[in-house]
Amino acid sequence: MYINLKLSHIQSFVNNNQQLLTYYSEDILKNINNSFLTFIHQQFINMVIDNKNVEIDILKQLEGNKTKQKKSKKQKQPTQNDEDDFLNQLILQNQQNKKKAQIQGQDKQEDVEKNQYGPAFEEGMELINYRNSNNEIRNLNDWEDKPWSQTQPPTIQIEQQFETNNYPVGQSMPYFGEKSSRISLEEYREKDLIYEDQLQSLRKAAECHRQVRQYAQRFLLKPGKKLIDICEKLEDMNRYLIKENGLKAGIAFPTGCSLNFIAAHYSPNSGDNTILGYDDVCKIDFGTQVDGWIIDSAFTVAFNPKYDNLLIAAKEATETGIREAGIDVRLGDVGAAIQEVMESYEVDLDGKTYQVKSIKNLCGHDIRQYKIHGGKSVPIVKNNDNTRMLEGELFAIETFGSTGKGYVIDDLECSHYMKDFDVGQIAVRNPKAKQLLNYINKNFDTLAFCRRFLDRGGQTNYLLALKNLVDLGIINALPPLCDRRGSYVAQYEHTIFLKSSCKEVLSRGDDY
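Residues numbered from 1 in each chain as written. Predicted model: local features only at pLDDT ≥ 70, side-chain atom pairs only at ≥ 80, totals over all residues. Heavy atoms only, no water.

What about the overall build of the chain?
In step 1: The helix and strand inventory of the chain stands at 14 helices and 18 strands.
In step 2: The buried share of the chain, taken over its 512 residues, is 51%.
In step 3: When contacts within the chain are restricted to residue pairs at least 6 apart in sequence, those whose partners lie at least 24 apart make up 78%.
In step 4: Element-wise, carbon and sulfur atoms account for 46% of the exposed surface of the chain, whose accessible area totals about 24700 Å². (Helix = DSSP H or I, 4+ residues; strand = E, 2+ residues; numbered from the N terminus. Buried < 20%, exposed > 50% of the residue type's maximum accessible area, 1.4 Å probe, protein only. Contact = heavy atoms within 4.5 Å. Areas by Shrake-Rupley, 256 points an atom, 1.4 Å probe, with all protein chains shown as cover.)

Observations concerning the pattern of salt bridges
In step 1: For the coordinates displayed, the defined rule picks out 27 salt bridges.
In step 2: Note that Lys499 is salt-bridged to Glu504, the shortest N-O span being 3.2 Å.
In step 3: In this structure Lys499 comes out as buried when scored by relative accessible area, which is 7%.
In step 4: Given a relative accessible area of 0%, Glu504 falls into the buried group. (Salt bridge = Lys/Arg side-chain N within 4 Å of Asp/Glu carboxyl O.)

Topic: the packing of aromatic side chains
In step 1: Within the structure shown, the criterion is met by eleven aromatic pairs.
In step 2: On the basis of an interplanar angle of 65 degrees and a centroid distance of 6.2 Å, the ring pair of Tyr492 and Tyr512 is categorised as edge-to-face. A residue pair is termed long-range when its members are at least 10 positions apart, and Tyr492 in strand E17 (residues 489-498) and Tyr512 in the segment after strand E18 (503-505) qualify at 20 residues. The same class applies to Tyr492 as to Tyr512, namely buried.
In step 3: Three or more aromatic residues link up through ring pairs in this structure, and these residues are Tyr417, Tyr439, Phe444, Phe449 and Phe453.
In step 4: One cation-aromatic arrangement involves Arg239 over Phe453; the distance from NZ or CZ to the ring centre is 5.4 Å.
In step 5: Across the ring face of Phe176, the terminal group of Lys503 is positioned such that the distance to the ring centre comes to 5.5 Å. (Phe/Tyr/Trp six-rings, centres within 6.5 Å; stacked < 30°, edge-to-face > 60°. Lys NZ or Arg CZ within 6 Å of the ring centre and 35° of its normal.)

Some words on the sheet that holds strand E16 (residues 481-482)
In step 1: Read from one edge of the open sheet, three strands run E3-E16-E12, paired in antiparallel fashion. Every interior strand has two partners, whereas the edge strands, strand E3 (262-264) and strand E12 (409-410), have only one. (Pairing = 2+ DSSP bridges.)

Examining the pairing of strand E13 (residues 416-419)
In step 1: Of the two faces of E13, both are covered, the one formed by His416 and Met418 as well as the one formed by Tyr417 and Lys419.
In step 2: Bridging between E13 and strand E14 (residues 449-450) involves two bridges; their strand directions are antiparallel. Across the sheet, the residue bridging to Tyr417 is Phe449, located in E14.

A word on the side chain of Lys371
In step 1: The topology assignment puts Lys371 in the loop between strand E9 (363-366) and strand E10 (377-379).
In step 2: Contact partners of Lys371, with chain neighbours within four places excluded, come to Ile294, Phe421 and Asp422.

Some thoughts on the sheet that holds E14
Backbone hydrogen bonds hold the strands of a sheet together, and the pairing may be parallel or antiparallel.
In step 1: The strand order E14-E13-E15 describes an open sheet built from three strands, whose pairing is antiparallel. Strands with a single pairing partner mark the edges of an open sheet, and in this sheet they are E14 and strand E15 (475-478).
In step 2: When E13 meets E15, the two strands line up antiparallel, connected through four bridges. Residue pairing across strands places Tyr417 opposite Ala477, the latter belonging to E15.

Structure, rendered in structure tokens:
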């Protein structure tokens, strides 16, 4: 009777979950007496012949257990009731695991379905394929209503829309002066082919940027929305559309949503419940990268028309910088042209008139592979920088117009961090800091990240370790950059590439 009861238990258990049996086999063998071990040994030869891995694993553990028992002089022998209880517990555990696996399978299926249609898709949602109006957001143009392969909200990844990998070319603009004729000359267009692989990566990233910001403008950027929700949903869509793949493709840096007097580098940390208000001026600055080539582009969100001149000043100043940029152009000359346009505007706020000022210690920059700030700065005020722009260089032309002092300082809680591109080998002795650095190297390397990205990756209690890496000079902290409190700052930015024949405004869209 005893043997028959055990046999039925074992057969039920093995038939239902062999993997669980393998997992618990060592515990089984430690708690069952010698005579019963012999019985199990015989039964397994017959019952698990279809699964050689399980059989071999169990038999090895059986033999090892017998050897241990021979060496042990004081081996406690469980009673029959102990064995009954133990196997009953295993059967109960098996049933619970089956139920858990079923639930996990359902969750996984839901995740697969959601991932198939993108992070914004919900069951029963009606998808549309026309482009949206930007009437609610000041100083943004409407997207042209023309055929395209995307839906709203977006559900089709970029590479699925362009299966031949020929991504849309950005806006081509001729150079000024003697180089203006290059755009029509065949020899220069042929020379452009040298940069084709790099440009395809950039154009793919640029198309993703356009579609992500169109989604954000339609669905996310509304008064009353939490900034942290806006950022996380925008980033999820960015990851989905570009088909995030480690350092190969994904987010280039955290989404900036700097409000009012904050000019740059603000992104909400976990627990920050700041709301986007009707009277706020919010700079949306985010990036997408493919093969380490980064599209860096930004626009300003405002709903109240009283800020129109501030936004127009920054937008026109950026356009001026793009027009002035070119091969052999001095960076100081670009800054002078930007400042002249920016500071020609005034804005009336609550009965007081402010001249719009270029923020003198902020600037555009060149971009290198996996390096957002390549080393050259594009000033937005006049200076004596005679450094020249060169063919084949990638630049972010960005301007900041302010009603404040026109000068920013580090302020508020830090959210942005970035590994120093040129850091050498530095000994990290703190185990937690070493583990965090390994995670940063694997997931971000020299791309910027924020604390929310660490939270998302399952990192916990990392603030002291992060501070240790900052103190060692391995990681650079990039706190928010702020003008005078009570002032307002607007920003616009595009990424351009200096080809042999012309400059290509990669991030250009219908909106700005």
